[in-house]
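# Per-entry structural report
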Amino acid sequence: MKATRLLSALFVLLPALAWSAPTHSIWSTQGYVLQVPGVFAYVPSAKMSFNWKEGTSLAFVNAEAEGPAGEIYAFQLVSVTAPTTADEIKGLWNISKNGAPLCTGCAGSAYGLSQPLNSYFKIYAGNSSYHISGFISNRYDY
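In what follows, the accompanying structure is described.

Per the counting criterion, the structure on display carries one disulfide. With a sulfur-sulfur separation of 1.4 Å, cysteine 103 is cross-linked through a disulfide to cysteine 106. Between cysteine 103 and cysteine 106, the S-S torsion sits near -100°, and that sign places the bridge as left-handed. Of the two residues, cysteine 103 and cysteine 106, neither departs from the other in class, the shared state being buried.

Here's what the structure looks like:
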């Protein structure tokens, strides 16, 4: 009987604890560096969005930047491989150039996400062969 009560209490409390975890959202319209095999470029603009709930595997990341010849490079988080923190999202990434895959399911992380506005963050994937960074233009934490 006590075990049933304990399980019932856990089923009620665990969702409440997940609900209370801090949630973050940052955006960037100002890129910094793009690096893929054969390309290293400073990018003046980018479109990047990060949304995640600390301590969970709930996260969304989409980052795009224009390369030196006008090509569009995209870094998309496919899955989270470790609980997120206020500063970092570890996971598997798909990286593409003009929609064509360059690296699929590449292990990597985004970090520097807890910084204030105008600070920079980084994404590295594929044994650091792929990198994109930018400056935090806007953030919303709750």
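What follows continues from the structure just given.
The next point concerns the side chain of serine 119. Relative to the assigned elements, serine 119 resides in the loop between strand E8 (100–111) and strand E9 (120–125). Apart from residues no more than four positions distant in its own chain, serine 119 is found in contact with Gly134, Phe135 and Ile136.

On to the side chain of arginine 139. One can find arginine 139 in strand E11 (residues 138–141). A distance of 2.6 Å separates the side chain of arginine 139 from the backbone oxygen of glutamine 115, its partner in a polar contact. Those residues within four positions of arginine 139 in sequence are excluded, and the remaining contacts are His24, Ser25, Ile26, Trp27, Leu113, Ser114, Gln115 and Leu117.

Criteria and cut-off values
- Counting of residues starts from 1 at the beginning of each chain's written sequence and follows it residue by residue.
- Given that this is a predicted model, residues contribute local features only at a pLDDT of at least 70 and side-chain atom pairs are listed and counted only at 80 or more, while totals for whole chains, interfaces and linings are drawn from all residues.
- Where side-chain values are given, they derive from all heavy atoms of the structure, hydrogens and water being excluded.
- By disulfide we mean two sulfur atoms from cysteines, separated by a distance within 2.5 Å.
- Each residue's exposure class comes from its accessible area (1.4 Å probe, protein chains only) as a fraction of the maximum for that residue type: buried when under 20%, exposed when over 50%, partly exposed otherwise.
- Think of it this way: any DSSP run of H or I at least four residues long counts as a helix, any run of E at least two long counts as a strand, and we number them from the N terminus.
- Only heavy atoms enter the contact rule, under which two residues are in contact if any of them lie within 4.5 Å.
- Residues adjacent in sequence count toward polar contacts only when both atoms are side-chain atoms; beyond that, a polar contact is any pair of N or O atoms within 3.5 Å, and within protein one must be able to donate a hydrogen and the other to accept it.

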